[in-house]
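Each chain, letter by letter, is given below.
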Amino acid sequence: MFTVAALYRFTPVAEPAALRGPLAEVCAAVGVTGTLLLAPEGLNGTIAGSAGGVAAVLSHLRALPGCADLAPRFSETATPPFGKMRVRLKREIVTMGQPGLDPATVGRKVAPGDWNAVIADPDTVVIDTRNAYEVAIGSFRGAVDPGTETFGAFPGWWAANRDAHAGKRVAMFCTGGIRCEKATAFLRADGVADVVHLDGGILNYLDTVPEAESLWRGGCFVFDDRVSVGHGLRTGEHVLCHACRRPLSPAETEHPDYEAGVSCQRCVDTFDAGDKARFRERMRQVALARARGGRHLGG
């Protein structure tokens, strides 16, 4: 089994570039793969590997300023969810495009065990801060879907819908909690007094709330080869369209426009014949790599 650790921390980082090399070296030395983002506002990412390898990387991260109590969300998978390790420098660890926003001014965190009562309150508006394609495969019953394609579009959506939610408590949630921290800070800066968010995000809720008591419906999209997870963080049944990078249900893979690695019903008309030829060649290389017992970096 491979250990998967999803993590983030908002903390001032004076020189992100200086941290990149040593962090990449540690990951390579212990065979950990995934993606880690470094920015002046902190770090974010998901890594996978042996339990010992992941522990070694986390030990390195916890030695960084402000990260001593870093608390990742762990899960396990039988197959490696990443092909390689990427340590990247970014302007933001989650892009919202709001300069000067202080992530430390977040709304109150709500524990998963208390979340059901919060979102059942008729005076609370519940907002899913994720992208539309994530919301499409699963969400909390009754949650508002902003229909955004990127997190950077959320401020514009809020500006257009602020008045409709005036006077209510706002409860927000996302996959692991990072987008909610920024979104709640954004709303508080905009004058919303009562704003809360799900501590640890959907992943924490699915991991800790019994399925029989859960108000979650569907799957939760994750940004690795598992594609989606469900209650108990068990790997879901969705697959990824490698052309448009959208999750597909088993029923959607039966659609005539679906061709593994080439197209689905959402993107079949988006790519031309040349694009599709490249996609088919990529899938051929992926199959050859698997036949040799390896893994193509694009697959």
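The notes below deal with the structure included here. Everything numeric in this text was worked out from a predicted model, so none of it was measured. (Residues numbered from 1 in each chain as written. Predicted model: local features only at pLDDT ≥ 70, side-chain atom pairs only at ≥ 80, totals over all residues. Heavy atoms only, no water.)

1. As for the overall build of the protein chain
1) Next: What the protein chain contains, in helices and strands, is eight helices and 15 strands.
2) Next: Over its C-alpha trace the protein chain gives a radius of gyration of 20 Å, about what one expects of a compact globule, namely 19 Å for 299 residues.
3) Next: With respect to the principal axes defined by its C-alpha atoms, the protein chain has extents near 60 × 50 × 40 Å.
4) Next: Looking at the protein chain residue by residue over its 299 residues, the buried ones come to 49%.
5) Next: Counting contacts in the protein chain only where the partners sit at least 6 residues apart, residues at least 24 apart contribute 66% of the total.
6) Next: Summing over all exposed atoms, the protein chain offers an accessible surface of approximately 14000 Å²; the carbon and sulfur share of this is 52%. (Helix = DSSP H or I, 4+ residues; strand = E, 2+ residues; numbered from the N terminus. Rg over C-alpha atoms; globule rule 2.2 N^0.38 Å. Buried < 20%, exposed > 50% of the residue type's maximum accessible area, 1.4 Å probe, protein only. Contact = heavy atoms within 4.5 Å. Areas by Shrake-Rupley, 256 points an atom, 1.4 Å probe, with all protein chains shown as cover.)

2. Topic: the side chain of Ser228
1) Next: With respect to the secondary-structure elements, Ser228 resides in strand S13 (residues 228–229).
2) Next: Judged by its relative accessible area of 1%, Ser228 is buried.
3) Next: Among all residues touching Ser228, those that are not within four sequence positions of it are Ile137, Cys220, Phe221, Val222, Arg234, Thr235, Gly236, Glu237 and His238.

3. With respect to the packing of aromatic side chains
1) Next: With the rule as written, the count across this model stands at twelve aromatic pairs.
2) Next: Residues Tyr8 and Phe10 carry aromatic rings whose centres are separated by 6.1 Å and whose planes lie at 70° to one another, so their mutual orientation is edge-to-face.
3) Next: Centroid distance Trp157 to Trp158: 6.4 Å. Interplanar angle 45°. Geometry classified as tilted. Neither residue differs from the other here; Trp157 and Trp158 are each classed as buried.
4) Next: Here the aromatic residues Trp115, Phe140, Phe173, Tyr205 and Trp216 are joined through ring pairs into a cluster of three or more. (Phe/Tyr/Trp six-rings, centres within 6.5 Å; stacked < 30°, edge-to-face > 60°.)

4. Overview of the packing of helix H5 (residues 154–161) against helix H6 (residues 178–189)
1) Next: Orientation of H5 relative to H6, taken along the N-to-C sense of each, is 40°, at an axis distance of 11 Å. Here H5 is positioned oblique relative to H6, judged by the angle of their axes. The interaxial crossing formed by H5 with H6 has right-handed handedness. Here Phe154, Pro155 and Trp158 of H5 come into contact with H6, specifically with Ala183, Phe186 and Leu187.
2) Next: For the contact of H5 with H6, the residue count by class is six nonpolar, no polar and no charged. (Axes fitted to C-alpha atoms, helices over the stretch in contact; angles between N-to-C directions. Parallel < 35°, antiparallel > 145°, perpendicular 65-115°, else oblique. Left-handed = near helix turned anticlockwise from the far one by under 90°. Nonpolar A, V, L, I, M, F, W, Y, C, P; charged D, E, K, R; others polar.)

5. Overview of unusual backbone geometry
1) Next: Despite not being glycine, Val227 has its phi angle at roughly 70°, a positive value.
2) Next: One can find Val227 in the loop between strand S12 (220–221) and S13.
3) Next: By relative accessible area, Val227 is classed as buried at 4%.
4) Next: Residue Leu233 is not a glycine yet carries a positive backbone phi of 60°.
5) Next: Its location among the elements puts Leu233 in the loop between S13 and strand S14 (239–240).

6. A closer look at the sheet that holds strand S9 (residues 169–173)
In a beta sheet, neighbouring strands are held together by backbone hydrogen bonds and run either parallel or antiparallel to one another.
1) Next: Read across the open sheet, the four strands follow the order S6-S10-S9-S7; overall the sheet is parallel. Bordering the open sheet on either side are strand S6 (108–110) and strand S7 (124–128), each of which pairs with just one other strand. On average, adjacent strands in this sheet sit at an angle of 30° to one another, irrespective of strand direction.
2) Next: When S6 meets strand S10 (residues 195–198), the two strands line up parallel, connected through three bridges. In the sheet register, Val110 faces S10, and the bridge partner there is Leu198.
3) Next: Running at roughly 135° to S9, helix H3 (residues 112–120) makes contact with S6, S7, S9 and S10 of the sheet.
4) Next: Contacts from H6 reach S6, S9 and S10, with the element oriented near 175° to S10. (Pairing = 2+ DSSP bridges.)

7. Quick look at H6
1) Next: When the terminal C-alpha atoms of H6 are compared, their 17 Å separation across twelve residues agrees well with the 16 Å that a helix rising 1.5 Å per residue should span.
2) Next: The buried fraction of H6 is high, at ten of twelve residues.
3) Next: Restricting attention to buried positions, one finds in H6 the residues Ile178, Arg179, Cys180, Glu181, Lys182, Ala183, Thr184, Ala185, Phe186 and Leu187.
4) Next: Trailing H6 by a residue or two, Gly191 shows a phi angle of about 100°, which is positive. (Expected span 1.5 Å × (residues − 1).)

Function-wise, these values are silent; they only describe arrangement.
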